[in-house]
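Spelled out, the chains give:
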Amino acid sequence: MRAMVYRGPYKVRVEEKPKPRIEHPNDAIIRVQLGAICGSDLHLYHGMMPDTRVGTTFGHEFIGVVDEVGPSVQSLKVGDRVMVPANIYCGSCFYCTRGLYSNCHNVNPNATAVGALYGYSHTTGGYDGGQAEFVRVPFADVGPTIIPEWMDDEDAVMLTDALSTGYFGAQLGDITEGDTVVVFGAGPVGLYAAKSAWFMGAGRVIVIDHLDYRLEKARTFAHAETYNFTEYDDIVVHLKRITDWFGADVAIDAVGAEADGNFLQHVTAAKLKLQGGSPIALNWAIDSVRKGATVSVMGAYGPIFSAVKFGDAMNKGLTLRMNQAPMKRQWPRLFEHIQAGHLKPSDIVTHRIPLEHIAEGYHIFSSKLDDCIKPLVVVGEH
Amino acid sequence: MPYTANKPEPATREELRARIPGWGVDLDPADRPSVPRERFDLNGTGAHWDFPDRQPEGDQPRERSIEHGMLPPVFGTAAPLHGVSGAIRRFAYDRFSEGRAAHWLLLIAGDRVDAWGAHLRSLATLRPDNPITQTGVVSELRHGLTARVGRKRADVNHQWIDPILVAGPWVLVGLGALAGVRALLRGKR
């Protein structure tokens, strides 16, 4: 089969790989139709995630058709069109039975601190991802869901991670009616988090980024008030000024490990790998909210230490909330919101890249060329 | 201002509903899908086992974190350990917990050894690594200038480092090889 493979930092190519096979009775093999490159895939692409092995296939956002099922699979049959949540989870461990699907303890030998994801290094379990013609999907009775007839494919693929993560991030903010919410990052997760904040009753939603084209999308898609941090000497002071010197009630970090805005932080993390991530957005979040506020962290960070300003967080009495999103737990409500017309997830898609051209797709997304916000990966004849 | 008791009044519900599609549809915190975060009442997960069947381990022992009490029943098989990078990675897993920086730094070292080994091995194949096509850098020809010139981007100040990270080691190895060849030739004379 054709598959994207990692060849080392900043290098990927498409090559022939053996088609995946059933390795467990509850596995399914999915023929991928549509995938996506996630902002967090760029951490792998840049060599930031430990134990990212040459030859692995990335991609935790994908939909497709069931091609084969293992002997214990009950809920799917060959030919079903399914959307697959980014998390791999067993459905029966201590964490899964409490709804913490992203923290499953039965799927990742390589680490206990993180669950398992498709195509996201051996640190998250060593599974190949969906930027390929076929992918092995463990626990087929637990994760995949048949795509409703009414749902567009591009909306379905956005639900597999980005939309669910943004929506979950807004929930972790514990937003109450009238709150001022500031979202750092106008990428896909930030845009969805900003949009979701309104659903939860926010009185004001502010989005911060340095890319004007993304801020424009934040205004049109998420109805947000936007600021380009490069235009201000100190974005923290600016946020205090525009909130009557309180700061926001809730902040959402939707940037994560490769945040810009401080050369030293970025280079030590993203280039020299001396930090698990560049916590610029997180530190801005901590400093720009009011005392007693909540900071929701949706940005992905690597497993080693990062220079986070915990002293300020402690002294301000902040609540820091974070987790990888349990995607499927968000789906029933998000299905309702999409059907009701509250949002159209695919509105943020900017690029549709054939699998064979995925190396260019990674570079365009990574370097923010051609006003890229969300690139989909078109597999086969989809 | 926070120097007195009250905050500025937000916009009214009516104003927000008129302006924002879906405003307030998840207003009740108790009616949000991830509230509370730990819940038993999620109508099941689809699992029809108390503990999953075990996936066969394969030809070599599956590496695992020493913070695990046992090998989890299901795991990925994307790229089994092999060669020098595999030895480094296995040492990281066998010796250091996830709480130790050495664990992660060794894994990153294994990644670099893996990448270099793969690059060198590819030179002996019909499809050697191609830094031009594999980095996707040709897209710079179409979009590079327009994406950067006249834009207030904070990332331009470090993007010059990327080509050095990608090409720098190749240049150094090339110069080293050239120096070695010249030294050999001088020795023969």
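Residues numbered from 1 in each chain as written. Chains lettered and ligands numbered in written order. Predicted model: local features only at pLDDT ≥ 70, side-chain atom pairs only at ≥ 80, totals over all residues.

Chemist: Any chance you could explain the overall build of chain B here in plain terms?
Modeler: In terms of helices and strands, chain B carries 7 helices and 0 strands. Taken from N to C terminus, the helices and strands of chain B fall in the order α-α-α-α-α-α-α. In terms of overall dimensions, chain B is more spread out than a globule: its C-alpha atoms have a radius of gyration of 28 Å, far above the 16 Å expected for 189 residues. Its C-alpha atoms give chain B principal-axis dimensions of roughly 90 × 60 × 40 Å. (Helix = DSSP H or I, 4+ residues; strand = E, 2+ residues; numbered from the N terminus. Rg over C-alpha atoms; globule rule 2.2 N^0.38 Å.)

Chemist: In this structure, what is going on with the overall build of chain A? I would like to understand it.
Modeler: If you tally the helices and strands in chain A, you get 11 helices and 17 strands. Its C-alpha atoms give chain A a radius of gyration of 20 Å, within 12% of the compact-globule value 21 Å for 382 residues. Along the first, second and third principal axes, the C-alpha atoms of chain A reach 60 × 45 × 40 Å. Across the 382 residues that make up chain A, the buried fraction comes to 68%. (Buried ≥ 20, exposed ≤ 12 C-beta atoms within 10 Å, placed from the backbone.)

Chemist: Got a minute to help me understand the interface of chain B and chain A in this structure?
Modeler: Between chain B and chain A, the residue contacts involve 85 residues of the former and 92 residues of the latter. If you list the elements that add at least two residues to the side of chain B that touches chain A, you get α3 (101-122), α4 (131-135), α5 (139-148), α6 (156-159) and α7 (161-188) of chain B. Element by element, the count of residues in the side of chain B that touches chain A is highest for α3 of chain B, at 10 residues. In terms of residue class, the side of chain B that touches chain A is made up of 40 nonpolar, 23 polar and 22 charged. (Contact = placed C-beta atoms within 7 Å. Nonpolar A, V, L, I, M, F, W, Y, C, P; charged D, E, K, R; others polar.)

Chemist: How should I be thinking about the pairing of strand β3 (residues 28-36) of chain A in this particular structure?
Modeler: As a general feature of sheets, a regular strand has side chains that alternate between the two faces. All names here are of chain A. Most of β3 is tucked away, with 8 of its 9 residues classed as buried. Bridging between β3 and strand β4 (residues 62-69) involves 7 bridges; their strand directions are antiparallel. Within β4, the position partnered with Ile30 by the bridge is Val66. Bridge analysis of β3 against strand β17 (residues 375-378) gives 3 bridges, and the strand direction is antiparallel. Counted as the bridge partner of Ala36 is Leu376 from β17. (Pairing = 2+ DSSP bridges.)

Chemist: Is there a simple way to think about the domain arrangement of chain A in this case?
Modeler: A common measure of how large an interface is: the accessible area buried when the components associate. Residue and element names in this part refer to chain A. With domains assigned, chain A is organised as domain 1 (2-161 + 326-378) and domain 2 (166-322). Taken together, the contacts link 21 residues of domain 1 with 21 residues of domain 2. Elements supplying a minimum of two residues to the side of domain 1 that touches domain 2: α1 (41-45) and α10 (327-339). If you tally residues by element for the side of domain 1 that touches domain 2, the top one is α10, at 3 residues. In the side of domain 1 that touches domain 2, the residues fall into 9 nonpolar, 8 polar and 4 charged. (Domains from an automatic or database assignment.)

Chemist: Can you walk me through unusual backbone geometry in this structure?
Modeler: For residues that are not glycine, phi is negative in most cases, and the peptide bond is trans in most cases. In this structure, the amide linkage connecting Val35 of chain B to the following residue, Pro36 of chain B, adopts the cis form with an omega of -10 degrees. With respect to the secondary-structure elements, Pro36 of chain B resides in the loop between α1 (13-19) and α2 (83-95). Positive phi is not limited to glycine here, since Phe139 of chain A has a value of about 50 degrees.

Chemist: Where do I start with the environment of Asp234 of chain A in this structure?
Modeler: Residue and element names in this part refer to chain A. Topologically, Asp234 is positioned in the loop between β12 (225-228) and α6 (235-241). Assessed through the 13 C-beta atoms surrounding it within 10 Å, Asp234 is described here as partly exposed. Separated by 15 residues in the primary sequence, Asp234 and Asp249 have C-alpha atoms spaced 19 Å apart.

Chemist: Any chance you could explain the nonpolar core here in plain terms?
Modeler: In summary, soluble globular proteins display a tendency toward joint burial of nonpolar side chains. Among the nonpolar cores identified, the biggest contains 148 residues, and Phe184 and Val205 of chain A are the most heavily contacted of them. The element best represented in this core is helix α4 (residues 188-199) of chain A, accounting for 8 residues. Core analysis: the second largest hydrophobic core is formed by 8 residues, Ile88, Ala92, Tyr93 and Leu107 of chain B among them. (Core = buried A, V, L, I, M, F, W, Y, C linked by C-beta atoms within 7 Å.)

Chemist: Which parts of the structure should I look at to understand the environment of Asn26 of chain A?
Modeler: Looking at where Asn26 of chain A falls in the secondary structure, it is placed in the loop between β2 (11-16) and β3. Considered as a pair, Asn26 of chain A and Val69 of chain A are 43 residues apart in the sequence and their alpha carbons are 7.4 Å apart. The contacts of Asn26 of chain A, once residues within four sequence positions are left out, are Gly70, Ser72, Val73, Pro138, Phe139, Ala140 and Asp141 of chain A together with Pro52 of chain B.

Chemist: Just checking my understanding: could you explain α4 of chain A for this structure?
Modeler: An α-helical turn contains 3.6 residues, so any two residues separated by three or four positions project in the same direction. All names here are of chain A. Taking 1.5 Å per residue, 12 residues should reach 16 Å; α4 reaches 17 Å between its end C-alpha atoms and fits that length. Counting buried residues in α4 gives 12 out of 12 residues, a clear majority hidden from the surface. Burial in α4 covers these residues: Pro188, Val189, Gly190, Leu191, Tyr192, Ala193, Ala194, Lys195, Ser196, Ala197, Trp198 and Phe199. At its buried positions, α4 is contacted by α3 (162-172), β10 (180-184), β11 (204-209), α5 (212-222), β13 (248-253) and α10. Count one or two residues on from α4 and you reach Gly201, which has phi positive near 100 degrees. (Expected span 1.5 Å × (residues − 1).)

Chemist: Before we go on, may I ask you to explain the packing of α2 of chain B against α3 of chain B in this structure?
Modeler: Pairs of packed helices are described in terms of their axes, by the angle between the two and the distance that separates them. All names here are of chain B. Two numbers describe how α2 lies on α3: the axes approach to 8 Å, and their chain directions differ by 170 degrees. In terms of their interaxial angle, α2 and α3 are classed as roughly antiparallel. Contact residues: α2 offers Gly83, Val84, Ser85, Ile88, Arg89, Phe91 and Ala92, while α3 offers His103, Leu106, Leu107, Ala109, Gly110, Val113, Asp114 and Gly117. (Axes fitted to C-alpha atoms, helices over the stretch in contact; angles between N-to-C directions. Parallel < 35°, antiparallel > 145°, perpendicular 65-115°, else oblique.)

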